[in-house]
Amino acid sequence: MSQTHSDYRLSQLDQLEAESIHIFREVAAEFEKPVLMFSGGKDSIVMLRLAEKAFYPAKIPFSILQVDTGLDFPEVMETRDRWVARLGVNLVVASIDDAIKNGIIPDAAKISRNRLQIPTLLNAIEENGFTAAFGGGRRDEEKARAKERVYSHRDEFGQWDPKNQRPELWSLYNGRLHEGEHMRIFPISNWTELDVWDYIGREGIEIPSIYYSHQRRVFVRDGMLMSETPLNPLREGEVVEERTVRFRTCGDITLTGCVESTASTIAEIIDEVAVARKTERGATRGDDRFSEAAMEDRKKEGYF
Amino acid sequence: MAGTNMDLLRFATAGSVDDGKSTLIGRLLLDSKSIFEDQLEAVEATSEAKGYDYTDLALLTDGLRSEREQGITIDVAYRYFATPNRKFIIADTPGHVQYTRNMVTGASTADLGLVLVDARQGLTEQSRRHAVILSLLRVPHLVLAVNKMDLVDFDQSVYDKIYAEFTQFATKLNVPDLEVIPISALQGDNVVTRSENMPWYSGPTLMHHLEHVHVASDRDLIDARFPVQYVIRPKSDEFHDYRGYAGQVAGGVLKPGDEVVVLPSGMTSKISKIDLFDQEITEAFPPMSVTVHLEDDVDVSRGDMIARVKNAPTPSQDIDAMICWMTTAPLQPRQKLAIKHTTRTGRALVKDIQYRLDVNTLHRDQETKELGVNEIGRVTLRTTVPLLADPYSKNRTTGSFILIDEATGVTVGAGMING
């Protein structure tokens, strides 16, 4: 930021940053026990950066919570560990494997682990007594998310009721809760995919290496390029080949596809995103393809 | 980087059910290449499955299952598009029954209000109501888009008549900047590209206007207002003596060396430095989120406000405000509610409901002693904590508040303080 502003204008990225920081501080001031939900993807990392800025030079005054699906990319976990060490924050891991072992959720081998994240997450929120959970959801991602408030109320079952949301006026957020309820907080609601990349570039933020172009052994499934991994056995007719790819989102390794790309710097990624003709979720997320309302249905149950 | 120097315009759309709002938004998104192939394919597939003759762009914007089932928009949705110089956030507010509360929600943060009218219908009660609400909410720029010009043969006299009628009506309102643009959202006339069908119109296209309307000057840069949000006190050796007051600048320009007063205590001090993350900066202005340091060790906590010594709001527990009531159980005198104003919360007692405003005629009904859902009225409140407030007409941040039902926790009212 320059030292003088003759016209007192803030760029849109600075405005978005200021708004997000305001939200982080508001939640830290008003909620008993907030937590930051962290998947290790670019949006969660931008959230960590914003939280770091909001409270600097003090440490981030809440823990971060990751739902370990057992199916995460190793590169993502390594980046997570470096961020946690650098910021000195407390990391809470809610593991699906542990939840199955402890009988909290059924071991249903046929249910996607994406769906099993819901009870695992809700259980972790309840067990730890978290009253507010920050999520990196953006309204541009998906049309059900376009309807979501910055403060999104969840009842004692963790459910979202899209028909009965609290009006949200000015920047006056209402964090009132009853026993057992919690709030999902979306500080980067107004950011787009391109804003996130611009910010990562501007701030020099470290993100998992899989976002950059690399060689990977992949196969085609449902029109998407999937990673070869023992976690995701090949089906009949699927052939593994090496291609130059990168990821647009980081999720479950068995459901997250990559795209062919030679973009190896942030600037090249931005150029690519700016002309992309498919949404990141539509292009590479198997979990949103089940039905037109897949995201809405999962969110109603408590998915972030 | 692409977005680093772009600026931002937030606008709220309004219009009746069949005025073509979804089509217009679809057109803006489509023509600014903000709709992705997979989204368009999904909409095309659904339109075909439903047996429509054309691709229903409203399916792009109606995000909820129940909205698609009923074919109506229930709640505000936020959408995004960008041109090379500006990013836009659209608060897409439904034209249906719950109009007022949703419009207030969308308009509360908008720099510009876009009201659609159907050229065949002309101004309706609904268009007047939308304009009144946008004006009450002090949305500084208003655009009246006269849509469906294709259905009136692009006839200038239709436009002229609506223009005259609306400008006449607008004299009763507070509309500092008005633009009336004839368009066809369906065919794209004057939306992004200039219409060859309306050579008589010499004004800007809608997109050109959205891109160029000057919004930076709409903020109050005179009266310094800094509501303290959070006190930053690191418990670390390196920053042992650090004590900073974090918040978002609500008005004016703050600089190190400024003589300031902390409200409501009235203690005075001087700004010693201002931090933006790990940098010291020489000035802070709205809407920056910064950390302010004072020279003296005065007691400052969340809910306090830092202002200039000779230019500070007067703390008051008696509030005179316009209220938009948002829930089915009516607002009544003697009712007690929680109130949130800037970073300050307390309780409020409804002392009197002075009048209910008829948003169609602007008539002040002094007989009714309650406000029903979606009604707007003038109310006096007594609060448990003094509010550090300005008139809403001067500052939308320090002049606004919300009312919360303490039993349900739901936001039930939006307030704008009279000056």
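Each chain carries its own residue numbering, running from 1 in the direction its sequence is written. Chain labels run from A onward and ligand labels from 1 onward, assigned in the order the entries are written. Totals for whole chains, interfaces and linings use every residue, but because this is a predicted model, local features are given only for residues with pLDDT of at least 70 and side-chain atom pairs only at 80 or more, for both listing and counting. As a rule here, side-chain values come from all non-hydrogen atoms in the structure, and water together with hydrogens is ignored.

## Regarding the nonpolar core
This is how it is decided: To define a nonpolar core, start from buried Ala, Val, Leu, Ile, Met, Phe, Trp, Tyr and Cys residues and group those joined through side-chain atoms within 4.5 Å. Exposed residues in this analysis have more than 50% of their type's maximum accessible area, buried residues have under 20%, and partly exposed residues fall in between, with area computed by a 1.4 Å probe over protein chains only. Numbering goes from the N terminus for both helices and strands, where a helix is a DSSP run of H or I of at least four residues and a strand is a run of E of at least two. Two residues qualify as a contact provided that any one of their heavy atoms is within 4.5 Å of a heavy atom in the partner residue.
Residues F11, L24, L114 and L137 of chain B are the most contacted members of the largest nonpolar core, which totals 79 residues. Sort the elements by how many residues they give to this core and helix α7 (residues 156–170) of chain B lands first, with six residues. Discounting residues that sit within four places of it in the chain, L114 of chain B has contacts with F11, A12, T13, A14, L24, V143, A145 and L206 of chain B. Residues V84, V196, I207 and I253 of chain A belong to the second largest nonpolar core, which totals 63 residues.

## Focus on a negative patch on the surface
Residues and elements named next belong to chain B. The cut-off we apply is this: Patches here: salt-bridge-free residues with over 30% relative accessible area, like charges joined within 9 Å, nonpolar side chains (Val, Leu, Ile, Met, Phe, Trp, Tyr) joined within 5 Å. Only the protein chains shown count as covering a residue, and every accessible area follows the Shrake-Rupley method with a 1.4 Å probe. Note on definitions: salt bridges are taken to be side-chain nitrogens of Lys or Arg within 4 Å of carboxyl oxygens of Asp or Glu. The charge count includes Lys and Arg as positive and Asp and Glu as negative, but it does not include His or the ends of the chains. For the purpose of locating charges, the reference atoms are NZ of Lys, CZ of Arg, CG of Asp and CD of Glu.
A grouping of E37, E41, E44 and E48 is seen on the molecular surface, where their side chains present a negatively charged patch. Relative to the helices and strands, E37 resides in helix α2 (residues 37–49). E37 gets classed as partly exposed once you look at its relative accessible area, which sits at 37%.

## Describing the sheet that holds strand β8 (residues 224–227) of chain A
Residue and element names in this part refer to chain A. What counts here: At least two DSSP bridges between two strands are required for those strands to pair.
An order of β8-β7-β9-β10 is seen for the four strands of this open sheet, with the pairing classed as antiparallel. Strands at the two margins of the open sheet, each flanked by one partner only, are β8 and β10 (259–260). Across two bridges, the pairing between strand β9 (residues 241–246) and β10 is antiparallel. In the sheet register, V245 faces β10, and the bridge partner there is E260.

## Remarks on the pairing of strand β13 (residues 289–294) of chain B
Residue and element names in this part refer to chain B. Extensive coverage of β13 is indicated by the burial of six of its six residues. Where burial is concerned, the two faces of β13 agree: the one with S289, T291 and H293 and the one with V290, V292 and L294 are both buried. With four bridges joining them, strand β9 (residues 244–248) and β13 adopt antiparallel strand pairing. Looking at the pairing, A246 lines up with T291 of β13.

## Section: the domain arrangement of chain B
Condition: An automatic or database domain assignment provides the domain bounds reported here.
In terms of domain boundaries, chain B breaks down into domain 1 (8–218), domain 2 (225–308) and domain 3 (315–417). Between the C-alpha centres of domain 1 of chain B and domain 2 of chain B the distance comes to 41 Å.

## Here's the deal with the packing of helix α1 (residues 12–30) of chain A against helix α2 (residues 42–55) of chain A
All names here are of chain A. Our working rule: Only the contacting stretch of a helix is used when fitting its axis, a line to C-alpha atoms as for every element, and angles between N-to-C directions run 0 to 180 degrees. Oblique is the label for every angle not falling under 35 degrees (roughly parallel), over 145 degrees (roughly antiparallel), or within 65 to 115 degrees (roughly perpendicular). Each residue is assigned to one class: nonpolar for Ala, Val, Leu, Ile, Met, Phe, Trp, Tyr, Cys and Pro, charged for Asp, Glu, Lys and Arg, and polar for all the others, Gly among them.
Contact geometry for α1 and α2: axes closest at 9 Å, N-to-C directions at 70°. By the angle between their directions, the pair α1 and α2 is classed as roughly perpendicular. Residues E17, S20, I21, F24, R25 and A28 of α1 form the contact with α2, whose own contacting residues are M47, L50, A51, K53, A54 and F55. Split by residue class, the contact of α1 with α2 holds eight nonpolar, one polar and three charged.

## Thoughts on unusual backbone geometry
Residue P57 of chain A follows Y56 of chain A across a cis peptide bond; omega there is 0°. Look at the link from L263 of chain B to P264 of chain B: it is a cis peptide, with omega at 5°. With respect to the helices and strands, the residue P264 of chain B is situated in the loop between β10 (259–263) and β11 (267–276). With a phi angle near 45°, W170 of chain A is a residue other than glycine that sits in the positive phi range. Mapped onto the secondary structure, W170 of chain A falls in the loop between β5 (151–154) and β6 (182–185). Overall, the relative accessible area of 9% leaves W170 of chain A in the buried class. Of note, N190 of chain B is a non-glycine position whose phi angle comes to about 60°, a positive value. With respect to the secondary-structure elements, N190 of chain B resides in the loop between β6 (177–182) and α8 (206–212).

## Regarding the packing of aromatic side chains
The following threshold applies: Between rings of Phe, Tyr and Trp, where Trp is taken as its six-membered ring, a pair exists when centres lie within 6.5 Å; planes separated by under 30 degrees are stacked, by over 60 edge-to-face, and by other angles tilted. Only Lys NZ and Arg CZ are tested; either one counts as a charge over a ring when it is within 6 Å of the ring centre and within 35 degrees of the ring normal.
By the definition in use, this model includes 21 aromatic pairs over all chains. Ring geometry for F239 of chain B against Y242 of chain B: centres 6.1 Å apart, planes inclined by 90°, an arrangement best described as edge-to-face. Three or more aromatic residues joined by ring pairs form one cluster here, namely F24, F55, F62 and F134 of chain A together with Y230 of chain B. In this arrangement the basic side chain of R86 of chain A is found over the ring face of W83 of chain A, its NZ or CZ atom lying 4.7 Å from the centre. In this structure, R128 of chain B packs its charged tip against the face of F169 of chain B, placed 5.7 Å from the ring centre.

## A closer look at the environment of L294 of chain B
All names here are of chain B. Within the fold, L294 resides in strand β13. Given the relative accessible area of 11%, L294 is considered buried. For the pair L294 and I271, spaced 23 residues apart in the sequence, the C-alpha separation amounts to 4.6 Å. What L294 contacts, discounting residues up to four positions off in sequence, is Y245, V260, V262, S269, K270, I271, S272, V300 and I306.

## Describing the sheet that holds β5 of chain A
Residue and element names in this part refer to chain A. Taken in spatial order, the six strands line up as β3-β2-β1-β4-β6-β5 in an open sheet, and their pairing is mixed. Sheet topology places β3 (91–95) and β5 at the edges, where each strand pairs with a single neighbour. Taking the axes of each pair of neighbouring strands and ignoring which way they run, one obtains an average angle of 30° across the sheet.

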